[in-house]
Amino acid sequence: MITAKLLLAFLLQSTSVVGLDIDKSNIDPEQAYCLAENIYYESKSEDIRGQYAVGSVTLNRVNDPRFPKTVCDVVRQANIHRVTKKLVCAFSWYCENDKKGKEIPIRNKDGTINQRVADQFQAASIVAIQILSGNVDDNTNGATHFHNPYTSNPAWKYEMKKTMRVGNHDFYRMPDPK
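Below is a short write-up of the structure. Fair warning: this is a prediction, and the values are worked out from it, not measured in the lab.

What counts, and where the lines are drawn
- Residues numbered from 1 in each chain as written.
- Predicted model: local features only at pLDDT ≥ 70, side-chain atom pairs only at ≥ 80, totals over all residues.
- Heavy atoms only, no water.
- Helix = DSSP H or I, 4+ residues; strand = E, 2+ residues; numbered from the N terminus.
- Core = buried A, V, L, I, M, F, W, Y, C linked by side-chain atoms within 4.5 Å.
- Buried < 20%, exposed > 50% of the residue type's maximum accessible area, 1.4 Å probe, protein only.
- Contact = heavy atoms within 4.5 Å.
- Polar contact = N/O pair within 3.5 Å; in protein donor to acceptor, adjacent residues only side chain to side chain.
- Axes fitted to C-alpha atoms, helices over the stretch in contact; angles between N-to-C directions.
- Parallel < 35°, antiparallel > 145°, perpendicular 65-115°, else oblique.
- Left-handed = near helix turned anticlockwise from the far one by under 90°.
- Nonpolar A, V, L, I, M, F, W, Y, C, P; charged D, E, K, R; others polar.
- Salt bridge = Lys/Arg side-chain N within 4 Å of Asp/Glu carboxyl O.
- Pairing = 2+ DSSP bridges.
- Arc of directions from axis to C-beta.

Side note on unusual backbone geometry
For step 1, the next point in the chain: The backbone of Lys85 sits at a positive phi, close to 65°, despite the residue not being glycine.
For step 2, the next point in the chain: Tracing the backbone through its elements, the reader meets Lys85 in the loop between β1 (78-80) and β2 (87-89).
For step 3, the next point in the chain: Within the chain, Asn141 stands out as a residue other than glycine whose phi angle is a positive 60°.
For step 4, the next point in the chain: Inspection of the secondary structure puts Asn141 in the loop between α5 (115-132) and β3 (145-147).

A closer look at the nonpolar core
For step 1, the next point in the chain: Core analysis: the biggest nonpolar cluster contains 48 residues, and Leu8, Ile39, Tyr40, Ile104, Phe121, Ile129 and Phe171 have the highest contact counts within it.
For step 2, the next point in the chain: For this core, the secondary-structure elements that each account for two or more residues are α1 (4-13), α2 (29-43), α3 (48-62), α4 (71-75), α5, β4 (161-166) and β5 (169-173).
For step 3, the next point in the chain: Per-element accounting of this core gives the leading share, nine residues, to α5.
For step 4, the next point in the chain: Excluding its chain neighbours within four sequence positions, the residues that come into contact with Phe121 are Ala4, Leu7, Leu8, Tyr33, Ala36, Glu37, Tyr40, Ile104 and Ile106.

Things to note about the side chain of Thr140
For step 1, the next point in the chain: Here Thr140 lies in the loop between α5 and β3.
For step 2, the next point in the chain: Under the relative-accessibility criterion, Thr140 is labelled buried at 0%.
For step 3, the next point in the chain: There is a polar contact of 3.1 Å between the side chain of Thr140 and the backbone nitrogen of Ala143.

Concerning the packing of α2 against α3
When two helices pack together, their arrangement is given by the angle between the helix axes and by the axis-to-axis distance.
For step 1, the next point in the chain: The N-to-C vectors of α2 and α3 enclose an angle of 130°; their axes lie 9 Å apart at closest approach. It follows from the interaxial angle that α2 and α3 lie oblique. Note that α2 runs across α3; the crossing there is right-handed. Residue-level contacts link Leu35, Asn38, Ile39, Glu42 and Ser43 of α2 to Gly50, Gln51, Val54, Gly55 and Thr58 of α3.
For step 2, the next point in the chain: When its residues are assigned to classes, the contact of α2 with α3 shows three nonpolar, six polar and one charged.

Re the pattern of salt bridges
For step 1, the next point in the chain: For the structure on display, the rule yields three salt bridges.
For step 2, the next point in the chain: Residues Asp64 and Arg66 are paired through a salt bridge, measuring 2.8 Å at the closest nitrogen-oxygen approach.
For step 3, the next point in the chain: For Asp64, a relative accessible area of 9% translates into the label buried.
For step 4, the next point in the chain: Given a relative accessible area of 34%, Arg66 falls into the partly exposed group.
For step 5, the next point in the chain: Note that Asp170 is salt-bridged to Arg165, the shortest N-O span being 2.5 Å.
For step 6, the next point in the chain: The class of Arg165 is partly exposed, set by a relative accessible area of 40%.
For step 7, the next point in the chain: The network of salt bridges with shared partners includes Lys162, Arg165 and Asp170.

What to know about the pairing of β5
For step 1, the next point in the chain: Across the five residues of β5, four count as buried, placing the element largely inside the fold.
For step 2, the next point in the chain: Bridge count between β3 and β5: three bridges; the pairing is antiparallel. In the sheet register, Phe146 faces β5, and the bridge partner there is Phe171.
For step 3, the next point in the chain: Bridging between β4 and β5 involves five bridges; their strand directions are antiparallel. When the bridges of β5 are listed, Arg165 appears paired with Asp170.

A look at α1
For step 1, the next point in the chain: Where α1 is concerned, the buried positions are Ala4, Leu7, Leu8, Leu11 and Leu12. Buried residues along α1 cover an arc of 135° about the axis, so they all sit on one side. Facing away from the buried side of α1 by more than 90 degrees, the exposed set consists of Phe10 and Gln13.
For step 2, the next point in the chain: If you follow the buried residues of α1, they end up packed against α2 and α5.

In structure tokens form, the structure reads like this:
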């Protein structure tokens, strides 16, 4: 039975990912899955630039001492909001109960392949593999945050420098630590 994790494992074991010769030998499959999952849920309907931007933000956080040190820990980062006392996740999809800890639904309930989801996850996986292989430059100018201005207005955006807009997302960089 095909699953999202099996699809990613296949891509990692392939000699060439969709015609791109990349060294995948140092890519941890678990970290690649977390990055692909984050790209899928945050930007599956965005163009390829938007998917690279979401992946870049995730990796920028890994490389910033103010954030966790692995892709999976960055993606799963959550805190209790000091005012509302509600759980707040770094990436909103991770707090949504219908997604948290569940496999991406490559298969329909009747067992057939959901081709749209499979194609979207394959694209997210290829982007994740390219980013983790170091084959892609950060296209966000060092952004560590993003949001959809049509659906949210986070207070943190006023303390940061906007670096770009791609599709439905605005990207921001934190000030350098003092």
